[in-house]
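So the chains spell out like this:
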Amino acid sequence: MQEPLVYGIALALFGFTVFATARIPLGLMLVGCIPAVFVALVMGFTMGVYAADLYGWGLLVVALVPAAAGAWYVSRRFRPRDLLIAIYLAWAVGLVFALIGVQMPDVG
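So, here is what we can say about the structure in this document. Because the structure is predicted, anything quoted here is derived from the model rather than measured. (Residues numbered from 1 in each chain as written. Predicted model: local features only at pLDDT ≥ 70, side-chain atom pairs only at ≥ 80, totals over all residues. Heavy atoms only, no water.)

A word on the overall build of the chain. Looking only at helices and strands, one finds 5 helices and 0 strands in the chain. Helices (α) and strands (β) of the chain occur, in sequence order from the N terminus, as α-α-α-α-α. Computed over its C-alpha atoms, the radius of gyration of the chain comes to 14 Å, within 12% of the 13 Å expected for a compact globule of 108 residues. For the C-alpha atoms alone, the extent of the chain along its principal axes is close to 45 × 20 × 15 Å. Within the chain, buried positions represent 36% of all 108 residues. (Helix = DSSP H or I, 4+ residues; strand = E, 2+ residues; numbered from the N terminus. Rg over C-alpha atoms; globule rule 2.2 N^0.38 Å. Buried < 20%, exposed > 50% of the residue type's maximum accessible area, 1.4 Å probe, protein only.)

Bringing the nonpolar core into the picture now. Counting residues in hydrophobic clusters, the biggest one holds 27 residues, and the most contacted among them are Leu11, Phe14, Phe16, Ala20, Met47, Leu83 and Ile87. At the level of elements, α1 (2–22), α3 (34–55), α4 (57–77) and α5 (80–103) are the ones that each hand at least two residues to this core. The leading source of residues in this core is α1, at 7 residues. Not counting chain neighbours up to four residues away, the residues in contact with Phe16 comprise Ala67, Gly70, Ala71, Val74, Ala86, Ile87 and Ala90. (Core = buried A, V, L, I, M, F, W, Y, C linked by side-chain atoms within 4.5 Å. Contact = heavy atoms within 4.5 Å.)

Fair warning: the whole summary comes from geometry, so function is off the table for now.
In structure tokens, the structure reads:
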């Protein structure tokens, strides 16, 4: 019961990282998002394939729809500097949940 929740939170945070980066205006701040987006895409893809195989595609939809909506809201609410901080914060928390999820034993 805990593993889908952990995977869903990690996928939502990685999705937020990618979607919010797409909303940053072009410039030097976009270059600053490259490490976060790269790791979020790789870990999100890996965890998404595993979660879709084990729990179905519904978990991905439930994780990514609020992530896209949250990225849209935050990008309209905050300035680009604050959005960059939110992206890195979401990325860091997503990495913590990814670490917890990857260390959980397989359901088998």
